Amino acid sequence: MSEPGLDVPALPLSQLAPWAFFGVLLAAVAVFFVGAEQGAFSLFTGTAVHEWVHDARHLLGYPCH
């Protein structure tokens, strides 16, 4: 049952789409850094990024060593 005076506004898809795209892009960048950085497609030299996300790699099942 809804309470009187409580209206939930409708959100048009044209306003939601840019935020949804940004969220998917941000998630893809996070997956890249956890799963592929310091590998074949490395953006940074050294092992700093690998060490920062090392436990996350094991938690998600990515082999890293």
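The structure we're discussing is the one just above.
Being a predicted model, the structure only gives us computed values, none of them experimental.

Asks: So what's going on with the overall build of the protein? Residues and values would help.
Replies: Counting its secondary structure elements, the protein contains three helices and zero strands. The helix and strand sequence of the protein, counted from the amino end, reads α-α-α. Within the protein, the proportion of its 65 residues that are buried is 11%. In the protein, 16% of the contacts between residues at least 6 apart in sequence involve partners at least 24 apart.

Asks: How would you sum up the environment of Gly-35? Please name residues and give values.
Replies: The residue Gly-35 is located in helix 1 (residues 13-35) in this model. Residue classification places Gly-35 among the partly exposed residues on the basis of a relative accessible area of 23%. Distance in space between the C-alpha atoms of Gly-35 and His-50 is 9.2 Å, their sequence separation being 15 residues. Contacts of Gly-35, omitting those with residues within four sequence positions, involve Arg-57 and Tyr-62.

Asks: For a nonpolar patch on the surface, give the residues involved together with the corresponding values.
Replies: Judged by side-chain polarity, Val-31, Leu-59, Leu-60 and Tyr-62 come together as a nonpolar surface patch covering roughly 430 Å² of accessible area. Inspection of the secondary structure puts Tyr-62 in the segment after helix 3 (54-60).

Asks: Give me the lowdown on the packing of aromatic side chains, citing residues and values where you can.
Replies: As enumerated under the stated definition, the model contains one aromatic pair in all. An angle of 90° between the planes, with centres 6.4 Å apart, marks the rings of Trp-19 and Phe-22 as edge-to-face. A residue pair is termed a helical-turn pair when its members lie 3 or 4 positions apart in one helix, as Trp-19 and Phe-22 do in helix 1 at three residues. A relative accessible area of 64% means that Trp-19 is categorised as exposed.

Analysis parameters
- In this numbering scheme, every chain counts its residues from 1 along its sequence in written order.
- Where totals are concerned, whole chains, interfaces and linings use all residues; where local detail is concerned, this predicted model gives features only for residues with pLDDT of at least 70, and gives and counts side-chain atom pairs only at 80 or more.
- Side-chain numbers come from the whole structure's heavy atoms, not from hydrogens or water.
- Runs of H or I in DSSP of at least four residues are treated as helices and runs of E of at least two as strands, each being numbered from the N terminus.
- Partly exposed residues are those whose accessible area sits between 20% and 50% of the maximum for their type, while under 20% is buried and over 50% is exposed, using a 1.4 Å probe and protein chains only.
- Whether two residues are in contact is decided by their heavy atoms, any of which lying within 4.5 Å being enough.
- Exposure above 30% relative accessible area and the absence of a salt bridge qualify a residue for a patch, where like charges join within 9 Å and nonpolar side chains (Val, Leu, Ile, Met, Phe, Trp, Tyr) within 5 Å.
- Accessible surface is estimated by sampling points in the Shrake-Rupley manner with a 1.4 Å probe; for residues, cover comes only from the protein chains shown.
- A pairing counts as a salt bridge when a side-chain nitrogen of Lys or Arg comes within 4 Å of a carboxyl oxygen of Asp or Glu.
- Centre distance within 6.5 Å is the pairing criterion for rings of Phe, Tyr and Trp, where only the six-membered ring of Trp is used; planes under 30 degrees apart are then read as stacked, over 60 as edge-to-face, and the remainder as tilted.

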